[in-house]
Amino acid sequence: MASRTHLAWILVLPCLAASVDAKESSADWESKLDVLLSRMTLEEKAGQLNQFSVGQPTGPGTHRSAYEKMIAAGQIGSLFNATNADQVNALQSIAVEQSRLHIPLIFGLDVIHGFRTIFPVNLGLAASWNPSLVQRVSRLAAKETAAEGIRWTFSPMVDISRDARWGRIAESAGEDPYLGAVLAQAYVHGYQGDHLEDGTSILACAKHFVGYGAAEAGRDYNTTEISERTLRQVYLPPFRSAVDAGAVTVMAAFNTINGIPATADSFTLGTVLRREWKFSGFVVSDWTSIAELLAHGIASDGEAAARKAFVAGVDMDMESDLYGNELPRLVRSGDVTLARLDDAVRRVLRAKFTLGLFDHPYARASDVREQLSAESLALARDAAEESFVLLKNDRANGTHPLLPLLAKPRLKIALIGPLADSPQDMLGCWSAQGRATDVVTLRAALAERATAKGMLFAYAKGAEIVGGDTSGFARAVHIAEVSDVAILALGERGDLTGEAASRAHLDLSGQQENLLKAVAATGKPIVLLLFSGRPLTVTWATEHVPAIVAVWFPGVQAGPALVRLLFGDMNPSGHLTATWPRTVGQEPLYYNALNTGRPLAAAPAGLDRFTSRYIDEASTPLFAFGHGLSYTTFDYGPPAFGRDSISAKAINRHGESIAVRATVTNTGLRAGSTVAQCYIRLVGTSVARPVRELKGFQRVHLEPGESKNVEFSLGKQELAFWNDAMRFEAEACHLHAWIAGDSNSGSHVELRIRE
Ligand code: BGC
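Here is a short report on the structure shown in this document. (Residues numbered from 1 in each chain as written. Predicted model: local features only at pLDDT ≥ 70, side-chain atom pairs only at ≥ 80, totals over all residues. Heavy atoms only, no water.)

A word on the sheet that holds strand β2 (residues 78-80)
In spatial order, the strands read β4-β3-β2-β1-β10; together these 5 strands make up an open sheet with parallel pairing. Each edge of the open sheet is held by one strand with a lone partner, namely β4 (152-153) and β10 (317-318). The pairing of strand β1 (residues 50-53) with β2 spans 3 bridges and is classified as parallel. When the sheet's bridge partners are listed, Gln51 is paired in β2 with Ser78. (Pairing = 2+ DSSP bridges. Helix = DSSP H or I, 4+ residues; strand = E, 2+ residues; numbered from the N terminus.)

Focus: the site of the ligand
Looking at the ligand, there are 13 residues lining it, with Asp110, Arg168, Lys207, His208 and Asp286 nearest. At 2.6 Å, a side-chain N or O of Asp286 approaches an oxygen atom of the ligand. Glu499 is positioned such that a nitrogen or oxygen atom in its side chain is 2.8 Å from an oxygen atom of the ligand. For the ligand, whose free accessible area comes to 310 Å², the fraction covered by protein is 94%. When grouped by side-chain class, the residues that make up the shell around the ligand number 7 nonpolar, 1 polar and 5 charged. (Near = heavy atom within 4 Å. Polar contact = N/O pair within 3.5 Å; in protein donor to acceptor, adjacent residues only side chain to side chain. Areas by Shrake-Rupley, 256 points an atom, 1.4 Å probe, with all protein chains shown as cover. Nonpolar A, V, L, I, M, F, W, Y, C, P; charged D, E, K, R; others polar.)

Quick notes on unusual backbone geometry
Between Ser155 and the following residue, Pro156, the backbone shows a cis peptide bond with an omega angle of 10 degrees. With respect to the secondary-structure elements, Pro156 resides in the loop between β4 and α8 (177-192). Here the residue pair Phe209 and Val210 is connected by a cis peptide bond, since its omega of 0 degrees sits within 30 degrees of zero. Tracing the backbone through its elements, the reader meets Val210 in the loop between β5 (205-209) and α9 (228-235). Even without being glycine, Tyr221 reaches a positive phi, approximately 75 degrees.

Observations concerning the packing of α9 against helix α10 (residues 237-244)
Taken N-terminus to C-terminus, the directions of α9 and α10 make an angle of 50 degrees; their axes are 5 Å apart at the nearest point. In terms of their interaxial angle, α9 and α10 are classed as oblique. Of the residues in α10, those touching α9 at Leu231, Arg232, Gln233, Val234 and Tyr235 are Pro237, Pro238 and Phe239. Looking at side-chain class alone, the contact of α9 with α10 contains 6 nonpolar, 1 polar and 1 charged residues. (Axes fitted to C-alpha atoms, helices over the stretch in contact; angles between N-to-C directions. Parallel < 35°, antiparallel > 145°, perpendicular 65-115°, else oblique. Contact = heavy atoms within 4.5 Å.)

Some points on the packing of aromatic side chains
Two measures describe an aromatic ring pair: the distance that separates the ring centres and the angle between the ring planes. Scanning all chains against the criterion turns up 21 aromatic pairs. Considering the side-chain rings of Trp129 and Phe625, the 5.6 Å spacing of their centres and the 55 degrees angle between planes classify their relative orientation as tilted. You can see Trp129 sitting in the loop between α6 (122-126) and α7 (131-146) and its partner Phe625 sitting in the loop between α22 (558-566) and β17 (634-636), a full 496 residues away along the chain. On the accessibility criterion, Trp129 (1% relative accessible area) is buried. Grouped by ring-pair contacts, the aromatic residues Trp129, Tyr178, Tyr591, Phe625, Tyr679 and Phe697 constitute a single cluster. (Phe/Tyr/Trp six-rings, centres within 6.5 Å; stacked < 30°, edge-to-face > 60°. Buried < 20%, exposed > 50% of the residue type's maximum accessible area, 1.4 Å probe, protein only.)

With respect to the packing of helix α18 (residues 442-453) against α22
Contact geometry of α18 with α22 gives a least axis separation of 7 Å together with a crossing angle of 55 degrees. One way to sum up the angle between α18 and α22 is to call them oblique. In the crossing of α18 with α22, the sense of the turn from one axis to the other is right-handed. Contact residues: Leu442, Ala445, Leu446 and Arg449 in α18; Gly559, Pro560, Leu562, Val563, Arg564 and Leu566 in α22. Residues belonging to the contact of α18 with α22 are distributed by class as follows: 7 nonpolar, 1 polar and 2 charged. (Left-handed = near helix turned anticlockwise from the far one by under 90°.)

Some points on the pattern of salt bridges
Per the stated rule, a full pass over the model turns up 37 salt bridges. Between Asp569 and Arg449 there is a salt bridge; the shortest N-O distance is 2.5 Å. One end of the pair, Asp569, is in the loop between α22 and β17; the other, Arg449, is in helix α18, with 120 residues separating them in the sequence. Among the salt bridges present, the one from Arg534 reaches Glu492, with a minimum N-O distance of 2.4 Å. Of this pair, Arg534 sits in the loop between β15 (526-531) and α21 (539-544) while Glu492 sits in the loop between β14 (485-491) and α20 (512-520), and the two are 42 residues apart along the sequence. When its relative accessible area of 0% is taken as the criterion, Glu492 is described as buried. Through salt bridges with shared partners, a single ionic network connects Arg274, Asp315, Arg340, Asp343 and Arg347. (Salt bridge = Lys/Arg side-chain N within 4 Å of Asp/Glu carboxyl O.)

Some words on α7
Compared with the 22 Å implied by 1.5 Å per residue over 16 residues, the 22 Å span of α7 between its first and last C-alpha is a close match. Within α7, the full set of buried residues consists of Leu133, Val134, Val137, Ser138, Arg139, Leu140, Ala141, Ala142, Glu144, Thr145 and Ala146. At its buried positions, α7 is contacted by α6, α8 and α16 (374-387). By the N-cap criterion, in which a side-chain oxygen at the helix start approaches the backbone nitrogen of a residue two or three places on, α7 is capped by Asn130, the distance to Ser132 being 3.1 Å. (Expected span 1.5 Å × (residues − 1).)

Some details on the pairing of strand β16 (residues 547-550)
Neither face of β16 is open: one carries Ala547 and Val549, the other Ile548 and Ala550, and all of them are buried. Pairing between strand β11 (residues 389-393) and β16: 4 bridges, direction antiparallel. Looking at β16, one finds that Leu390 is bridged to Val549. The pairing of β15 with β16 spans 4 bridges and is parallel. Bridge pairing in β16 links Leu529 to Val549. Between β15 and its parallel partner β16, the chain crosses via α21, and the hand of that crossover is right-handed. (Right-handed = clockwise from strand over helix to strand, strands pointing away.)

Quick notes on the nonpolar core
Counting 210 residues, the largest nonpolar core has Ile416, Val527, Leu529 and Trp580 as its most contacted members. Sort the elements by how many residues they give to this core and α8 lands first, with 8 residues. Discounting chain neighbours no more than four positions away, the residues touching Leu529 are Leu442, Ile487, Leu488, Ala489, Leu490, Val549, Val551, Leu562, Leu565 and Leu566. Within the second largest apolar cluster, 29 residues are counted, among which are Ile651, Ala662, Ile739 and Ile753. (Core = buried A, V, L, I, M, F, W, Y, C linked by side-chain atoms within 4.5 Å.)

In structure tokens:
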């Protein structure tokens, strides 16, 4: 098929016929693009900027004809939600063989945490604090995706989220801009690989630009108000990092930001993205976000909506069906310049060139369409294991922490809960081509282990995830009573997270907490496995249950990874990347907050009423950002700076930096890994800075008794901030630095940054 296409391309555009190879300079592409652009009609140009989902209806009543007809007429530049090579190739052949200029389509899909091999949800992947793992996961996802001829994913989602009510926190890296920026880069490198044209790479899409995660009250699609300083300091850095890593596409967000819908915001799309960052890829709208400018009230008809989004900088229209219809007219009337149209089309065509689509538009026959390979399944299990966060591990009726369990013959285990055997939920939100039948559940894996080790094992669902039915309690309590230990698998349903899945309550839904209480009343030791796509308010459980692990939605290898966790075949090393509140009323709750003028800790005894706190609940989180235990213990020695002094001038002008280091020791009896986290606070600055900010992290593996030194370099990137003049600069001030295992512990070292 590919050679036939190539032939058509040669016949139509002889001067573009030379194959586009990796060594070709971008100047060569640009001249080919010039030739192509010069041959296109306004309608064909607008067509390149039109994108539709193949699942959406066409024909009478939809304002659009069948996609096949539109593709042949050059009215579509991209399709998404085609999921396999046959579908892709059939549609692609219309574009390259029947359309006048034979320009290939680019196919997109939401490959968010895997294509067919589904890995843990992104919040869980982030809990690994392991960029190399994230890169391997996204590389593998890219291979499975590209083999089907789909060369573009709408990922990574790099929205900072400080509010667990927002359902899409599950797709994010959590609340921290530094970690978010590091992981954004890892995703982009994984998806896009070393060479975009090598056939196993797919375009990354940093989304949703920008501020979407700050939705007021955590309600999806809601308004955001974000000062320019906070925008630059908190919400923009992961996008900047994705763009610097080479992300070819960016998706505009649904929300308004400071009164202007992000999809029509020339400040963020124009000033920041294009002019300051020199972004050379293209911007796609979110699903109908251009048409939604009408609902936002900044456009009274489709023409105005198309014009505002396009002029602001949205190059491709996802699903609104407005660019195709409106742009030619807008250019003819002079309301939109031809130069802007050419710029947008050039960006899209350049991406197609870069992917090698003009030469290889189809799923390549030579591609190994291997899904769920042994390699992917091994990576899926590793990723799940690295995502687990041991929140609590107390002693239960003995001297040892409850976990890991000792797999001794005749150990009687009660497995209870609706998530112990629910394959679909293990996939979480956005599971692309993932199938429930691919999943090994905890129940299945535990049954296998129990049989192999001569342990006795019984299962009871106990309750549903939602709803009021308690009829399963009796059997659950009974199997717990006759067992040595009860493992409870509770939490959220996969579809209680993700898009349009904001929650006003963050506790265990339905009757699950009552089930937990009923089982706890037996007095048997309980291990609570929490499946979720967000922090949960499990305050009662934290007070009454000895061992709790956040296991997120672990993906296709959920069961094997969980069994290895329970019996200590692996040692958990995940750390939280979003703060867990005690109660929903604390949200938005995040560690890198400003101090206020009346912080609780500074209040003189007896005068703490008039401090920034709640009168009916502690102000502190249930589990802090960065928290995560291990089956061993670690000690962090006091931090020390590598030099005595540094000046702001040296940092700003000469790129000087200062090292901070500490010794980490494994003080327990097992080998294990911790994540050494470097935090700073700046005091005496022109604008108030957070009580702590993450500025570096390092995973450290230590044998029992072993110590290692960790060192972090603090330079301009770490020490500068957007100051009172809105310049990104370091200032003379006091620098406090911590190296600790979470955002709440450790002691700091202090140094004055001179003028
Ligand atoms: C979501 C995007 C997604 C798009 C395409 C939208 O509803 O907000 O994240 O990429 O749909 O499926």
